[in-house]
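For reference, the chains in residue letters:
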2 protein chains.
Amino acid sequence: MKHIAILGFGVVGQGVAALLTNNKEEVKRLVGDELNIKYILDLRDFPDSPFADRVIHDFGIIKDDADVDAVIEVMGGSHPAFEFSMDALKGGKHVITSNKQVVAEFGAEMIAEAKKHGVCYHFEASVGGGIPVLMPIIEILRHNKVREVRGILNGTTNYILTKMFTFGDSFEASLKDAQEKGYAERNPDADILGIDACRKIAILGALISGASINPDLIHTEGITEIRAQDVAVANKNACAIKLLGRAIACEDGKLSLMVAPFLIDADAPLGGVNGVYNAVEVLADPVDNVMFYGRGAGAGPTASAVVGDLCRCFTEGTHTAPVIFEKQSERLADFSAFACRHYGATDLSLSEVKAAFGEVTVLCEGKELAFLTEVMTEKAFAEAEAKLGKKLLSHIRKLA
Amino acid sequence: MKHIAILGFGVVGQGVAALLTNNKEEVKRLVGDELNIKYILDLRDFPDSPFADRVIHDFGIIKDDADVDAVIEVMGGSHPAFEFSMDALKGGKHVITSNKQVVAEFGAEMIAEAKKHGVCYHFEASVGGGIPVLMPIIEILRHNKVREVRGILNGTTNYILTKMFTFGDSFEASLKDAQEKGYAERNPDADILGIDACRKIAILGALISGASINPDLIHTEGITEIRAQDVAVANKNACAIKLLGRAIACEDGKLSLMVAPFLIDADAPLGGVNGVYNAVEVLADPVDNVMFYGRGAGAGPTASAVVGDLCRCFTEGTHTAPVIFEKQSERLADFSAFACRHYGATDLSLSEVKAAFGEVTVLCEGKELAFLTEVMTEKAFAEAEAKLGKKLLSHIRKLA
């Protein structure tokens with residue numbers, strides 16, 4: 001009999017408990033032993049839950065119980081999730097988590113501590129919810145040179161953008177609709193400002209490069225500045241606008257990381273990913289490009305990934321090649337050197353725009369002028385906008 | 001030092017040799033030992049190849065060499081690939097293959113023989129080329145109930161259909177273009193008649209159900225009957241037409257398998273997969289739907305999958321839960337019971353169509369009448385078409 005503790009009994013925690021219970025026989029057959037949910041840690045009580053008798057409020061009980069083999073950390077937030085996870089690892093307990101904040105900020109320490117104690121620190125569910133993403137990427141990494149990992153990593157913002165595209169609605173109206181449908185929180189900042197996507201791309205970037213970069217250092221933009229007019233121009237030019245996280249392996253060994261909206265060809269792989277769906281695209285040689293697509297959040301999908309990691313713990317242990325991150329902020333590439341084409345909208349004239357930005361492609365001419373620059377670095381773009389003398393009404397980068 | 005033999009030095013074999021050579025250091029680090037390509041078996045000589053000195057024409061040399069640890073079977077065709085693979089397994093050698101014909105027809109025997117001798121029979125590359133598909137599905141299967149696996153499994157036909165959609169060309173013109181570009185063979189039958197997709201769905205079906213079904217028993221249609229008019233109607237109704245392989249887990253434990261063109265909503269996940277790209281979509285509870293997308297063929301992608309399997313052989317051996325297929329043709333569901341909506345085109349009248357098919361949705365009325373039936377079984381559809389008294393000009397099933 002193996003004993004586990006679930007930290008956090010919210011949507012994901014309840015999903016995990018339900019899945020372990022409903023799939024009791026399969027899990028037993030797979031792991032070769034019964035799994036018992038010994039404790040559920042939460043500040044709240046759940047008197048109506050079938051698991052009510054296991055709910056406790058003191059992590060110390062779990063920490064001091066040597067019978068607990070694995071801890072499922074699905075609490076959300078950095079603290080005390082970080083402290084609890086550390087204590088669990090130090091106590092020789094496996095830790096499985098969906099907590100992207102902890103993995104993005106403290107993944108390197110967690111992995112090192114797990115290694116020291118010969119236990120697992122698994123976090124498949126922290127990126128892409130139920131989509132198997134981390135394991136396939138680790139597979140690909142074994143003998144492919146990964147050039148870039150990029151993705152639509154946040155369902156809330158992708159739902160909003162899809163609504164703006166399908167119905168021509170404003171950002172505000174689409175956000176309101178998302179909140180009404182339960183796809184966005186009452187305080188949606190972590191999603192709409194790109195913070196959630198930033199944590200996920202930090203994890204993916206660490207995976208492909210070994211370099212764990214603090215999310216605070218990553219250039220992050222959300223979708224709050226995207227206007228219905230921009231969506232209309234994109235549509236007319238067979239483009240979609242997606243909030244992308246990108247981790248690019250640079251020639252010099254550095255890692256270029258960013259979260260920002262991008263214009264993307266509608267028929268590109270990521271261009272067709274809509275609604276609350278997420279997708280992660282891997283560009284590597286020689287496998288070329290591979291994409292993983294699915295529901296990035298939700299009780300069922302996330303619980304599936306967590307239980308998968310839990311089973312792997314017990315069947316493979318630390319046998320499989322561990323993922324190693326190390327804090328290496330010096331490996332973060334300078335964002336000012338990132339180059340791409342830029343979309344801009346202005347009420348100035350074409351000749352004024354050309355004088356500042358050089359040759360441009362006109363996308364739409366009317367009340368506003370919408371244009372696409374040639375490939376320019378961030379630095380050159382900022383200088384050109386300054387030369388223009390008036391802030392652009394809109395600025396969105398273009399995915400090559 | 002581990003020794004391997006490559007059987008077949010065509011596009012994939014050469015890709016594998018190149019990848020093992022270019023990634024020598026990474027592979028050595030991963031496997032913990034050097035991998036030496038000791039033999040390359042082919043009927044031809046390759047005097048200009050850097051591997052010319054290893055090319056042999058007699059499989060007996062490989063069979064009798066106890067130093068050969070693993071055989072990479074990338075020959076194509078059922079025989080003698082089947083015999084060589086069997087001999088290798090009997091001799092305690094791992095076998096890694098991309099040969100979908102052998103896996104589809106003989107996978108069950110191979111897996112059993114490999115198990116008997118404590119060696120691996122890996123075939124990730126046989127479905128979806130470089131897209132990690134089999135391993136993630138095995139992961140998902142551990143604790144999800146898989147309802148269906150379906151996919152665009154053949155790049156040639158997907159390229160042709162995409163061309164028909166983008167340019168309104170006929171099937172014949174699009175096939176010719178595919179041949180000129182090297183995306184279709186001079187004899188394209190295996191692709192355009194759905195045979196290649198059939199082998200792949202047989203493998204995927206075996207994976208999700210444990211039941212290996214002979215491809216000859218699977219209802220298989222290709223794309224040769226699709227007309228430019230059908231494409232135009234689909235387009236007008238925001239649908240794409242894709243050649244899908246589908247493996248559906250039925251409530252009664254049976255497996256419903258088929259390959260056929262399907263009308264599919266353009267914004268469904270598979271609807272946006274174009275050109276030579278393949279994609280495999282898994283519908284399971286509770287993970288919902290997950291899709292894997294990428295290049296299903298080509299030297300680089302396929303070699304990547306083969307080398308991945310090879311390394312896994314040496315690092316994990318038969319440690320990871322083996323895939324078990326057994327020949328179980330009795331588990332194949334009766335195709336006549338498969339139900340869906342059907343698209344039809346006719347020059348008869350709407351009232352004649354309704355008299356035969358019941359309520360229908362009119363998609364297009366002009367020289368031809370294009371319509372969509374309600375959900376009907378194959379049997380009921382065949383009876384309705386007989387009642388109509390005249391063969392339909394076109395018939396394509398609709399994906400729900």
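Calculation rules
- Residues numbered from 1 in each chain as written.
- Chains lettered and ligands numbered in written order.
- Predicted model: local features only at pLDDT ≥ 70, side-chain atom pairs only at ≥ 80, totals over all residues.
- Heavy atoms only, no water.
- Helix = DSSP H or I, 4+ residues; strand = E, 2+ residues; numbered from the N terminus.
- Rg over C-alpha atoms; globule rule 2.2 N^0.38 Å.
- Contact = heavy atoms within 4.5 Å.
- Areas by Shrake-Rupley, 256 points an atom, 1.4 Å probe, with all protein chains shown as cover.
- Lys, Arg positive; Asp, Glu negative; His and termini not counted.
- Charge placed at Lys NZ, Arg CZ, Asp CG, Glu CD.
- Buried < 20%, exposed > 50% of the residue type's maximum accessible area, 1.4 Å probe, protein only.
- Pairing = 2+ DSSP bridges.
- Buried area = accessible area lost by both parts, 1.4 Å probe.
- Salt bridge = Lys/Arg side-chain N within 4 Å of Asp/Glu carboxyl O.
- Polar contact = N/O pair within 3.5 Å; in protein donor to acceptor, adjacent residues only side chain to side chain.
- Domains from an automatic or database assignment.
- Least-squares fit on C-alpha atoms with pLDDT ≥ 70 in both.

## Focus on the overall build of chain A
Broken down by element type, chain A carries 14 helices and 19 strands. For a compact globule of 400 residues, the expected C-alpha radius of gyration is about 21 Å, and chain A comes in at 23 Å, within 12% of that figure. If one aligns the C-alpha atoms of chain A with their principal axes, the spans along those axes are about 75 × 45 × 35 Å. Taking as baseline every contact in chain A between residues at least 6 positions apart, the subset at least 24 positions apart corresponds to 71%. Total accessible area computed for chain A in this model is approximately 15,600 Å², and 51% of it derives from carbon and sulfur atoms. Side-chain charges in chain A split into 41 positive and 55 negative, and the spacing between the mean points of these groups amounts to 2 Å.

## Points about the pairing of strand 19 (residues 394–398) of chain B
A regular strand places its side chains so that they alternate between the two faces of the sheet. Residues and elements named next belong to chain B. For strand 19, a buried count of four out of five residues is recorded, marking the element as mostly surrounded by other parts of the structure. Pairing of strand 11 (residues 255–265) with strand 19 involves two bridges; the strand directions are parallel. For Phe 262, the partnering residue across the bridge sits in strand 19 and is Arg 397. With five bridges connecting them, strand 15 (residues 339–346) and strand 19 associate as antiparallel partners. Its bridge partner being in strand 19, Tyr 343 is matched across the sheet by Ile 396.

## Examining the interface of chain A and chain B
At the junction of the two partners, chain A supplies 35 residues and chain B supplies 35 residues. Of the roughly 3,100 Å² buried at the junction of chain A and chain B (both faces included), carbon and sulfur atoms supply 60%. Interface area lost by chain A to chain B is led by A:Arg142, A:His143 and A:Tyr293, which between them contribute 20%. At the junction of chain A with chain B, the criterion picks out two salt bridges. Here A:Arg295 and B:Asp288 are joined by a salt bridge, their closest N and O atoms 2.1 Å apart. On inspection of chain A and its partner chain B, the count reaches eight residue pairs in polar contact (both at pLDDT 80 or more). Elements with a minimum of two residues in the side of chain A that touches chain B: helix 2 (24–31), helix 6 (134–141), strand 13 (288–295) and helix 12 (299–316) of chain A.

## What to know about the domain arrangement of chain A
When the parts of a complex come together, some accessible area is lost, and that lost area is often taken as the interface size. We note that the domain assignment places domain 1 (2–130 + 300–329), domain 2 (134–294) and domain 3 (335–398) within chain A. Placing the centre of domain 1 of chain A and that of domain 3 of chain A at their C-alpha centroids yields a distance of 48 Å.

## As for the relation of the copies chain A and chain B
With an RMSD of 0.0 Å, the fit of chain A onto chain B corresponds to turning through 180° and sliding 0.0 Å along the axis. The superposition of one copy onto the other is thereby described by a two-fold rotation axis. Proximity to the rotation axis, assessed at the C-alpha, singles out A:Phe292 in chain A; its C-alpha lies 2.4 Å from the axis. An overlap of 100% is found between the interface residues of chain A and their copies at the interface of chain B, pointing to a shared contact surface.

## A closer look at the sheet that holds strand 2 (residues 35–41) of chain B
All names here are of chain B. Strand order across the open sheet formed by six strands is 3-2-1-4-5-6, with parallel pairing between neighbours. The strands lining the two open edges of the sheet, one partner per strand, are strand 3 (55–56) and strand 6 (121–122). Bridging between strand 1 (residues 2–7) and strand 2 involves six bridges; their strand directions are parallel. In the strand pairing of strand 2, Ile 6 is matched with Ile 40.

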